[in-house]
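Residues per chain, in single letters:
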Amino acid sequence: MSTLVIVESPAKARTISGFLGAGYVVESSIGHIRDLPRNAADVPASHKGESWARLGVDTEHDFKPLYIVPKEKKQQITKLKKLLKSADELLLATDEDREGESIAWHLMEVLKPTIPVRRMVFHEITPQAIQRAMDESRDIDRHLVEAQEARRILDRLVGYEVSPVLWKMIRQGLSAGRVQSPAVRILVERERERMRFASASYWNLEGEFSTSGAPDRFSATLVELGGSRVASGKDFGQDGTMSDKSPARLLDEAAAVALAEGLRSIEFAVRSVERKPWSSSPGAPFRTSTLQQEAGRKLRFTASRTMRAAQRLYEGGFITYMRTDSIALSETAITAARSLVADRYGSDYLPAKPRLYKSTVKNAQEAHEAIRPAGEVFRSPEDVAGQLQDSDQIKLYDMVWKRTVASQMSNATGERVQVRLGATTASGEDAEFATSGKVISFPGYLRAYVEGSDDPEADLEDRERRLPALADGDALDAHSIEALGHDTKPRARYTEASLVKRLEELEIGRPSTYASIIQTIQDRGYAFKKGTALVPSFTAFAAISLLERHFPTLVDYDFTALMEDDLDRIAAGSQEVTPWLSRLYFGGPGDTDGNGHGPAPRTGLKTAVSDGLGDIDPREISSIPLGEDADGVAVVARVGRYGPYVSRGEDTAGIPDELPPDELSVDMAIELLSKPSGDRIVGADPESGLDVLVRAGRYGPYVQLGDADEVKDKPKTASLFKTMEPAELTLDDALRLLSLPRVVGADAEGVEITVQNGRYGPYIKRAKDTRSLETEDQIFTVTLDESLALLAQPKRRGGRSTAALREVGIDPENGCQYEIRDGRFGLYVTDGAVNASLRKDDSLENMTIERARLLLEARRQRMADQGKEAKPCPPAPKEPDPSA
C-alpha cells in the first residue's frame, strides 16, 4: 500500500519523510496552490466579461470567490497529480490553523482524489507526534476553511476598493488594509502626540550618604519638601506639561541650587526602614506575539526575522508550531522541563507542583501548545547548536529553551528595603529623601532566564541593590548633595516589539500576521526605521487623515477587533459568512455579536467609496499645519505627487526624505524655505529674447527658458550635467542644454536617431529602441555611425553589465536561482523573472537564500496589488554531470 502525504514546504517534507518508512511518499504543495486573481491576466477567459472579475469576488452572488491556480504553481500541481495516481491513500498534513486547513481544502478541490483522504494535524514534528497524528486523523474542518476564506475575501474587498482612492488622492503604490491601516494609525497617533509635546524642566536633589564613620555609601533622592511631594517625571502629562491641579511641588533651578547649598551643612538621620519580602514568578512559555517581542528586545530581531527562524526550527523538528495563542504546556512537555530542572539546577529549583498556564488572550485561536522545544526530551542549546548552521536559529532556540525551562522553576525570592531619611533646613522647612534596595536570597528561575538579558548570571548582580545596615534614628553624613535638572521627554516611538504588543492589546489582527504587516507598512513607505524605532512618514499622515475622515471604520480599533471576533465565530460555526460580508460591503443592520445585536457601519464599503469620492479634498487631507511664522503666515507640510514639502504662501521647499515628522518645526520649515534657491539669470536667448535661468529643483539644478507667465505653455527646461556647476554655467552651456534632444541623423530606412539626457542618464533613441551612453559629454559628440554601431549591439539591462555580482544559490523550496546584480538604482536580487532592491540592512556579502526569497515574495505581492503580472522564475540551470 502506498500513501501520499502532502505538506506545505519542502523543508517540512524532508523532516517528516525521515520519520516514515517504506510505503510513504512525502511531497510539498509549496504553500497555497490557489488564490484570487492577482491581475487581469489571471482572470480566466470565461470570466473576462464579468463586471466583478477585477475583484475576483462575485459580490452580487453570495460573494463567491474566483479561484485560479497561479502559473508558477501549475508544475507542482502536475507533479502532485502524478504522485496521486500511484497512491492508495492521501494524507493532508498541512498546518493546524486556518491557513493550513484552507490549503488542505484547496488541495482537495484541485487534485480531486478518488482514493481515501485523511486530514492529519500536529504541533511538533517528531516521530511520536507524526504517528499520533496519523492514528488520530480527521476530516477537513469546513468552518476553519470558511473563516480563512472570509478573511481573504474581506481583505481583497478592502484593498481593491480603497487602495485606488489612495492612489488617486495621494500617490500610486499605496495600499489600505483591514489590519495594516489601523497599525499605521497607531504609529501616526504616537507621532502626533510627539508633535504636540512641549518639553518642560523640573529639578530635584540627589545626595550621597553614609552612617557616621562607615565606608559604605548610598544615594538617595529628595521626595518631599515642607510636607509636599516634590515633582518628578510622573507628574507631567503626555503633552509634557504639569497639571495646575497637581499637588506636587515644582522646583526650578534657582530653588534647587539654593536648597542643595543649604542642606550640605545640615545633619541628616534615618527616619524609617521598611523591609518586605520579595518574590518574582517566571513568565509563561512563549506564544507568537511574546516570542516576537522578546526576540526584538533580547536579540534585536525584527518580527519577520524572528518568524523566519522559528519557521525553520519548526520544520526541522526543533520547536513546536510557532503560530499559536496558547501558553499551555502538555503533560509530556511539563515532565520534560521538570526533569531537566532537577538534573541541571537541583531539587531546590523545582516547585512542588507543576506550573500550569492559561491564556488570557481573547478568542485564543485553535488548540495549540505554547512554543517550546520539540520532543519528549528537550535537546540542550549546546546540542542543537552543533546541528544547526544558521546563527539566528541557534539564538532563537536557546531563548525558547530557557524560557520553557524557567517556566517550570521556583520563584526568585529576596527582600526589598525602603528607607526614608531627612533633615530640617535653616529656615525650618523639612526635607525628606528616599532610597530603596533589593537583595536576592534565592534566584530561582532567574538562574535560567531573565527577560531582555543575554546573560542571566550577570543580570542577577545588576538586579540587586544592596544597602548598608540602617536603623531608625541612625545619624548620617551627607558627603554630597547636588541639584539635578531634568527635561520631560515625549513617549518613545513604537518599535516592532512594542507595536506587536499594542496590536495584541487592541485585539487587532492575529499575531501570526504581525510580521508581514510590519514589513508591508515599511515597503509601502508608511514607516521607516530610525534605529529600532518605527517612524511614520508624511505619506502615512496623509493616508490616515484620508481614512479617518472618509473611511473611519477601517481605522477604528474597536471595529477592527470586532471583525476578528466575527472571524472567530465563523471558525466556530456560529456566524454565517455571506450575511456578514454583505453587511460590511453593502451596509445594513448590525450583528457583531452573532445574535442580531451590536453596531455595524452606517454605510457599506461600496457605498462609502462610490458616494464619498467627490467629497475628498486631496490638498486638505495631505496638509499638516505646523504653525505660523513671525508675520502670521501659515506654514504647512504637505504630501505631493513627488514627495513631502513645506509651504508658506507661494513658497515651497522639499522635506528631506527621512526627517521624522515631529522634528519638522516651524523654525526648521522656515530654514528649508530660506535656503538659496540658486535662481540666476545667465543671459537672454538670441531667438526669443527670453531670459535663460539656472534654478535649483527637487531633483537637482536645471536651466529654464523664460518664466511661467512669459510663455504660453510650460517653460522649456533641461537638467544640468553632473559635471556642471550652477554658479559657473555660461549662456552657451545653457543654450546647448536647451537644444536637446539632438538629431544625430537617420538609419538606412529613414528612421530618425536622436540623443538626449534622461532621468537615468544619456542615451540614443531610434523609435522605441534605446541604448545608454557612457558619459554625458557624448550627447554632443556621438556620430551617426557610432550610434548605429551602438544600436546594433545587444541591449544591456539598466545601462549596466548583466553579469551577476554574486550567485546566492538555488532555493530548495521553489527551485529558483537567486543572484545579486548592480542596477541603476543600486544592488538588487533577482530570480530571473522579478527583481527586488536590497534594503539598508542588506549587503552583497550577507544575503541568504531565505532573505532573497522574502524580498522577491514581497515584490511579487506589490506587483499583484498593483495589477501587474509577476512571471514565475525560470528553471535553475542543472549542475553538469561529472561522469559525462
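Residues numbered from 1 in each chain as written. Predicted model: local features only at pLDDT ≥ 70, side-chain atom pairs only at ≥ 80, totals over all residues. Heavy atoms only, no water.

1. Regarding the overall build of the protein
In terms of regular secondary structure, the protein is built from 24 helices and 31 strands. Its C-alpha atoms give the protein principal-axis dimensions of about 105 × 85 × 65 Å. By residue count, 49% of the 884 residues in the protein fall in the buried class. In the protein, the 117 positive side-chain charges and the 138 negative ones have mean positions that sit 4 Å from each other. (Helix = DSSP H or I, 4+ residues; strand = E, 2+ residues; numbered from the N terminus. Buried < 20%, exposed > 50% of the residue type's maximum accessible area, 1.4 Å probe, protein only. Lys, Arg positive; Asp, Glu negative; His and termini not counted. Charge placed at Lys NZ, Arg CZ, Asp CG, Glu CD.)

2. Re unusual backbone geometry
Residue proline 741 is reached from leucine 740 by a cis peptide bond, and omega for that bond is 5°. In this structure, proline 741 sits in the loop between helix 22 (731-738) and strand 24 (742-746). The residue aspartate 62 is not glycine, and still its phi comes out positive at about 60°. Mapped onto the elements of the fold, aspartate 62 is located in the loop between strand 3 (57-58) and strand 4 (64-65). Owing to a relative accessible area of 56%, aspartate 62 belongs among the exposed residues under this scheme. Within the chain, glutamate 507 stands out as a residue other than glycine whose phi angle is a positive 60°. With respect to the helices and strands, the residue glutamate 507 is situated in the loop between helix 14 (496-505) and helix 15 (511-523).

3. Quick look at helix 12 (residues 391-406)
Its 16 residues give helix 12 an end-to-end C-alpha distance of 23 Å, which sits within 8% of 22 Å, the value for a rise of 1.5 Å per residue. Regarding helix 12, the residues found buried are Asp392, Gln393, Leu396, Tyr397, Met399, Val400, Trp401, Arg403, Thr404, Val405 and Ala406. Buried residues along helix 12 sit in contact with helix 8 (288-299), helix 9 (303-315), helix 10 (331-345) and helix 11 (381-387). Of the residues that open helix 12, the one with a side-chain oxygen 3.1 Å from the backbone nitrogen of aspartate 392 is aspartate 390. (Expected span 1.5 Å × (residues − 1). Contact = heavy atoms within 4.5 Å. Polar contact = N/O pair within 3.5 Å; in protein donor to acceptor, adjacent residues only side chain to side chain.)

4. Points about the state of the cysteines
Scanning the model with the defined rule gives one disulfide in all. A sulfur-sulfur distance of 2.0 Å marks the disulfide that ties cysteine 816 to cysteine 873. Given an S-S torsion of about -80°, the disulfide between cysteine 816 and cysteine 873 has left-handed geometry. Placement of cysteine 816 in the loop between strand 28 (806-810) and strand 29 (817-823) and of cysteine 873 in the segment after helix 24 (849-865) is noted, with a sequence separation of 57 residues between them. Classification of cysteine 816 as buried rests on a relative accessible area of 6%. Taking the relative accessible area as the measure of exposure, cysteine 873 reaches 17% and is therefore buried. (Disulfide = S-S within 2.5 Å.)

5. Digging into the sheet that holds strand 16 (residues 623-628)
With antiparallel pairing, the four strands of this open sheet are ordered in space as 16-17-18-19. Of all the strands in the sheet, the pair left with one neighbour each is strand 16 and strand 19 (651-654). Across the sheet, the mean angle separating the axes of adjacent strands is 25° when strand polarity is ignored. Direction of pairing for strand 16 relative to strand 17 (residues 634-640): antiparallel, over a ladder of five bridges. Along strand 17, the bridge assignment pairs glutamate 628 with alanine 634. Docked against the sheet, helix 16 (residues 538-550) engages strand 16, strand 17 and strand 18 (643-648), running at close to 90° with respect to strand 17. (Pairing = 2+ DSSP bridges. Axes fitted to C-alpha atoms, helices over the stretch in contact; angles between N-to-C directions.)

6. Points about the side chain of serine 28
Among the secondary structure elements, serine 28 is positioned in strand 2 (residues 24-28). Overall, serine 28 belongs to the buried group, its relative accessible area being 2%. Those residues in contact with serine 28 that sit more than four places away from it in its chain are Ile6, Val7, Glu8, Ser9, Pro10, Ala13, Gln76 and Leu80.

7. Some details on the confidence of the model for the protein
Here the protein averages 88 in pLDDT, and 91% of its residues register 70 or above. Below pLDDT 50 for its whole length, residues 878-884 participates in zero contacts with residues either more than four positions away or in separate chains. (pLDDT = per-residue confidence, 0-100.)

8. Some thoughts on the pairing of strand 25 (residues 752-758)
As paired elements, strand 24 and strand 25 share four bridges and run antiparallel to each other. Within the sheet, the bridge partner assigned to valine 743 lies in strand 25 and is threonine 754. The antiparallel hairpin formed by strand 24 and strand 25 contains five residues in its connecting segment, where glycine 750 sits at a positive phi of about 85°. Across six bridges, strand 25 lies against strand 26 (residues 761-766) in antiparallel orientation. Residue pairing in the sheet places isoleucine 753 in a bridge with arginine 766 of strand 26.

9. Comments concerning the packing of helix 8 against helix 9
With their axes 9 Å apart at the nearest point, helix 8 and helix 9 run at an angle of 115° to one another. The two elements helix 8 and helix 9 cross, and the hand of that crossing is right-handed. On helix 9, the residues that touch Thr288, Leu291, Gln292 and Ala295 of helix 8 are Ala303, Thr306, Met307 and Ala310. Its residues assigned to classes, the contact of helix 8 with helix 9 comprises five nonpolar, three polar and no charged. (Left-handed = near helix turned anticlockwise from the far one by under 90°. Nonpolar A, V, L, I, M, F, W, Y, C, P; charged D, E, K, R; others polar.)

10. Some points on the pattern of salt bridges
Two side chains that carry opposite charge are able to pair once their charged atoms sit near each other. Tallied over the entire structure, the rule returns 58 salt bridges. Note that glutamate 60 is salt-bridged to lysine 606, the shortest N-O span being 3.9 Å. Of the two residues, glutamate 60 is situated in the loop between strand 3 and strand 4 and lysine 606 in helix 19 (residues 605-612); the sequence distance between them amounts to 546 residues. Among the residues examined, lysine 606 registers a relative accessible area of 35% and is labelled partly exposed. (Salt bridge = Lys/Arg side-chain N within 4 Å of Asp/Glu carboxyl O.)

11. A word on a positive patch on the surface
On the surface, a cluster of positive charge is made up of Lys81, Lys82, Lys85 and Lys112. With respect to the helices and strands, the residue lysine 81 is situated in helix 2 (residues 71-85). (Patch = residues over 30% accessible without salt bridge, like charges linked within 9 Å, V, L, I, M, F, W, Y side chains within 5 Å. Areas by Shrake-Rupley, 256 points an atom, 1.4 Å probe, with all protein chains shown as cover.)

12. Considering helix 7 (residues 253-263)
Think of an α-helix as turning once every 3.6 residues; residues three or four places apart then point the same way. Inspection of helix 7 places Ala256, Leu259, Ala260 and Leu263 among the buried residues, and these make up the whole buried set. The buried residues of helix 7 all sit within an arc of 100° when viewed along its axis, so they share a single face. In helix 7, those exposed residues whose orientation departs by more than 90 degrees from the buried face are Ala254, Ala258 and Glu261. Those residues of helix 7 that are buried are in contact with strand 7 (201-211), strand 8 (218-225), strand 10 (268-280), strand 12 (430-442) and strand 13 (475-487). (Arc of directions from axis to C-beta.)

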